[in-house]
Amino acid sequence: MHNAAFAARGINAAYLAFEVVDLEGCIKGVRSLGVKGLSVTIPFKQDVIPLLDDVDGLARDIGAVNTLVNEGGYLKGFNTDAMGALRALEEKTDLSGKRVVIAGAGGAARAIGYILKLQEMEIVIANRSQSRGMALSESLGCRFVNLKKLADIKADILINTTPVGMFPDVDECPIPQEALREGMVVMDVIYNPFKTKLLATAEARGCLIINGLPMFIYQGAEQFRLWTGLDAPVDVMTEVIKRELA
Ligand SMILES: NC(=O)c1ccc[n+]([C@@H]2O[C@H](COP(=O)([O-])OP(=O)(O)OC[C@H]3O[C@@H](n4cnc5c(N)ncnc54)[C@H](OP(=O)(O)O)[C@@H]3O)[C@@H](O)[C@H]2O)c1
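(A) Broad picture of the overall build of the chain. Counting its secondary structure elements, the chain contains 9 helices and 10 strands. Radius of gyration (C-alpha) of the chain: 18 Å, near the 18 Å computed for a compact globule of 246 residues. Overall, the C-alpha framework of the chain stretches about 55 × 35 × 35 Å when taken along its three principal axes. The buried share of the chain, taken over its 246 residues, is 47%. For the chain, contacts bridging at least 24 residues in sequence account for 58% of all contacts bridging at least 6. For the chain, the exposed surface amounts to about 12500 Å²; the carbon and sulfur share of it is 50%.

Quick look at the structure:
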């Protein structure tokens, strides 16, 4: 996706995957080699923070960094998952004054919860384990319900951030059917498959559905902007991702 974007904008850069065995050594290497930017993924999104020179305010609140920018040896961390999710939602629906239920309380839920809190939405966290669910709801200053009780909440928007329904377990659905009411907006952060069981069920019940692809592409587009200062060629990135995932 990023290599196609660099080519489309005529930028002489390459995006490569590295399996990191020593995070501190990796960050030293980034500084000494002059690597311009990085994506950071599981399991390093939290552990990388103390190794950086600066962390953007939103990423600090979320407690996770997924993007690094290297300005002449000065490393700054950002979280673009949050912006990706916001853009994916905003292009389909108006968020102001809406009640959103976020299923899950892990990294994706934290990123989405913090950015939606900034939109002054009413948020409810629904999670399987009480400990993690309560911890997130307390830091967001919002309500918590057990995932099994999710149908008790009348929400305008529901976002699944659990991995339930992801390939190969494509017949699983984390949300009780009764919680999916006609007219709701239902987003799943999973993008493999494109249409999860949750989204297929929600669509059949008259909900507007959003899959995990736009969030993924827009978080990458925001990374591209941070690294290059240019707007990302989103059409090119979308085409590549759809082709690769298919
Ligand atoms: N589209 C995108 O751009 C994008 C970006 C980031 C992540 N993602 C996707 O988001 C998903 C979650 O990632 P994450 O980093 O947030 O993971 P995570 O930190 O491990 O959190 C997973 C959450 O799902 C819950 N969960 C896991 N298995 C469950 C089950 N069988 N039943 C009910 N709840 C369950 C966990 O609940 P407990 O607290 O009870 O364990 C936890 O709240 C992954 O599928 C990932 O690929 C997509």
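(B) Spatial organisation of unusual backbone geometry. For the bond from I42 to P43, the omega torsion is 10 degrees, close enough to zero to count as cis. Turning to its location among the elements, P43 is positioned in the loop between β1 (37–39) and β2 (54–55). The phi dihedral of E120 falls on the positive side, at around 60 degrees, and the residue is not glycine. Among the structural elements, E120 can be located in the loop between α5 (107–118) and β6 (122–127).

(C) A look at the domain arrangement of the chain. As far as domains go, the chain holds domain 1 (2–79) and domain 2 (83–211). Placing a centre on the C-alpha atoms of domain 1 and another on those of domain 2 gives a separation of 28 Å. Domain 1 puts 4 residues into the contact, and the matching count from domain 2 is 5 residues. Of all residues in domain 1, L58, D61 and I62 give up the largest surface area on contact with domain 2, accounting jointly for 82% of the area buried on that side. Viewed at the interface, domain 2 and domain 1 are joined by 0 salt bridges. Counting the contacts that link domain 1 with domain 2 gives 1 residue pair in polar contact (both at pLDDT 80 or more). A class-by-class count of the residues in the side of domain 1 that touches domain 2 yields 2 nonpolar, 1 polar and 1 charged.

Cut-off values and rules
Residue positions are given per chain, counted from 1 along the sequence in the order it is written. Owing to the predicted nature of the model, reporting of local features is limited to residues with pLDDT of at least 70; listing and counting of side-chain atom pairs is limited to 80 or more, with chain, interface and lining totals taken over all residues. Hydrogens and water are ignored here; the side-chain numbers use all heavy atoms of the structure. What counts as a helix is a DSSP run of H or I of at least four residues, what counts as a strand is a run of E of at least two, and both are numbered from the N terminus. Based on C-alpha atoms, the radius of gyration is set beside the globule rule, defined as 2.2 Å times the residue count to the power 0.38. Residue burial is assigned from relative accessible area. The probe radius is 1.4 Å, only protein chains are included, and a residue is buried under 20% of its type maximum, exposed over 50%, and partly exposed in between. Two residues qualify as a contact provided that any one of their heavy atoms is within 4.5 Å of a heavy atom in the partner residue. The accessible surface values rely on the Shrake-Rupley method and a 1.4 Å probe; as for residues, cover is taken only from the protein chains in view. Just so you know, the domain bounds were taken from an automatic or database domain assignment. Buried area is a sum: the accessible area each of two parts loses on coming together, probed at 1.4 Å, counted once for each and added. When a carboxyl oxygen of Asp or Glu lies within 4 Å of a side-chain nitrogen of Lys or Arg, that pair is called a salt bridge. Here a polar contact is recorded for every N or O atom pair within 3.5 Å, except that within protein the pair must consist of a potential hydrogen donor and a potential acceptor, and residues adjacent in sequence are included only if both atoms are side-chain atoms. Side-chain classes follow a simple rule in which Ala, Val, Leu, Ile, Met, Phe, Trp, Tyr, Cys and Pro form the nonpolar group, Asp, Glu, Lys and Arg form the charged group, and the remainder, Gly included, forms the polar group.

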